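Chain by chain, the residues:
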Amino acid sequence: MAKENILLIGSGGRESALAWKMRQSDLVDQLYIMPGNGSTANYGENVDGNPNDHEAVRRFIGLKDISMVVVGPEEPLVKGLADSLTEMGISVIGPRRKGAQLEGSKDFAKAFMMRHNIPTAAYKSFTKDTLKEGLDFLASLKAPYVLKADGLAAGKGVLIIDNLKEAQEQLKKMLDGMFGDASARVVIEEYLTGIEMSAFVLTDGKDYKILPEAKDYKRIGEGDTGLNTGGMGAVSPVPFADKEFLRKVEEKVIKPTIQGLQDDEIDYRGFIFFGLMNDGGEPKVIEYNVRLGDPETEVILPRIETDLVELFQATVAGRLSECNIKLSDKTCCTVMMVSGGYPGHYEKGKVITGRENVKGSIVFDAGTKREADGKVVTSGGRVLAVSTLAESKDAALAKSYEAIKGINFEGAYYRRDIGKDLDKYYKK
């Protein structure tokens, strides 16, 4: 296989982990990251640019003789970046606009699941013109009530409400523009009970490779309390996802999803993220994402022993069936260090020190930038993901927490209970 110049799109922890993993491949000549962050320059060259400016991306690709683009975040995909680049003859890891609607439109995704008999919660969609029907539908359900903005809302478009009157008021506000155009249509669905996890595949549209599963922690406070965040930590593998459950995930969710893409004539080459509920041993799909999750990427990539770029090349060539994927039996855990005040107001520009002393763990930057003097400072709410691969969950977490003790920036906060809820699933 030939070496390639590759452009990675994105700037978060997911992209740090992708750059780290891709840099290990002998199939990479030059790696560019647009726009990148404070640590991605350790694996390639950061490039100023807006991934949603398709013409600017195309110009850069031509300038640097790039043959493959790996798209980390969802927004450029939903806005058709893969379509634009495919027209140039560029290989893209990430679906075109039509396939990206699996994440870009909750209504599209739910209709897809219903059409292809993929287990999910019952639902209906409403607009401002059908508000009365929406209010009546809420009244027909049992609490809690789940309201989802149809479009992308930066992870903030889902409301779970216990009171019917409040749910009806929030529906009105959403349709009035609470989340801008994203909530011009609102999906109301049945509340699922159980425990959540995430599954992932890489697919060329015909075949697929199952990647390690993970469980992430979305709440800011310990004991899963407080506001939702972009993710405070993750664990892989997931102890409650035994062989039988994962078999059901493959048979009832993954296979019909890939077949559904073919039946709907959607050419899909890239990652699919399945947000799942384990409902009494049965998998139900909460949502699709058309890219890897964050912070799940920071625990699943360290467990993949196969050359990731080799898998990418097979994906774009439509010969993924020829590849084998080798996964580590070890456990990987990540703990996210965040800015004080996150997910509310927080300050940026805090100098990060001590990370150079970390041994035995990997520090993935999520919200950082490198200043002209070489110092790395905070630039986001989620700042660093500290990941460790070890023989057990407890050993991995102990090393990550030990590493965190040596890293400093003003106002740093992290949850001290990542993975604690999983203890009951491990054999004593």
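Cut-offs and rules
Each residue is numbered by its place in its chain's sequence as written, counting from 1. Totals for whole chains, interfaces and linings use every residue, but because this is a predicted model, local features are given only for residues with pLDDT of at least 70 and side-chain atom pairs only at 80 or more, for both listing and counting. Calculated side-chain values reflect all of the structure's heavy atoms, with hydrogen atoms and water omitted. Think of a nonpolar core as a cluster: buried Ala, Val, Leu, Ile, Met, Phe, Trp, Tyr and Cys residues, connected wherever their side-chain atoms sit within 4.5 Å. Here's how the labels work: a residue is buried when its accessible area is under 20% of the maximum for its type, exposed when over 50%, partly exposed in between, all with a 1.4 Å probe on protein chains only. Each helix corresponds to a stretch of at least 4 residues labelled H or I by DSSP, and each strand to a stretch of at least 2 residues labelled E; elements are numbered beginning at the N terminus. Contacts between residues were defined by any pair of non-hydrogen atoms, one from each residue, lying within 4.5 Å. Patch definition: residues above 30% relative accessible area lacking any salt bridge, with like charges linked at up to 9 Å and the nonpolar side chains Val, Leu, Ile, Met, Phe, Trp and Tyr linked at up to 5 Å. Each accessible area is a Shrake-Rupley result for a 1.4 Å probe, and residues are judged covered by the shown protein chains and nothing else. A pair is scored as a salt bridge if a Lys or Arg side-chain nitrogen falls within 4 Å of a carboxyl oxygen belonging to Asp or Glu.

Engineer: Break down the nonpolar core for me, with residues and values.
Structural biologist: Judged by nonpolar contacts, the single largest core of 68 residues is most densely connected at L7, V69, F274 and Y288. Among the elements that take part in this core, helix α9 (residues 243-263) stands out by supplying six residues, more than any other. Those residues in contact with V69, other than ones at most four positions away along the chain, are L7, I9, I61, L85, I90, S91, V92 and I93. Core analysis: the second largest hydrophobic core is formed by 43 residues, V28, Y43, I93 and F364 among them.

Engineer: Lay out a nonpolar patch on the surface with the relevant residues and their values.
Structural biologist: Residues V158, I160 and Y191 make up a contiguous nonpolar surface patch of about 270 Å² in total accessible area. Topologically, I160 is positioned in strand β8 (residues 158-161). Here I160 falls in the exposed class, since its relative accessible area comes to 52%.

Engineer: Hey, could you go over unusual backbone geometry for me, with residue numbers and the actual values?
Structural biologist: Residue P35 follows M34 across a cis peptide bond; omega there is -5°. Mapped onto the fold, P35 is located in strand β2 (residues 28-35). Positive phi is not limited to glycine here, since N117 has a value of about 55°. Examined against the element boundaries, N117 turns out to sit in the loop between α6 (106-115) and β6 (123-127). Even without being a glycine, E265 presents a positive backbone phi close to 55°. Exposure remark for E265: the relative accessible area of 71% places this residue in the exposed category.

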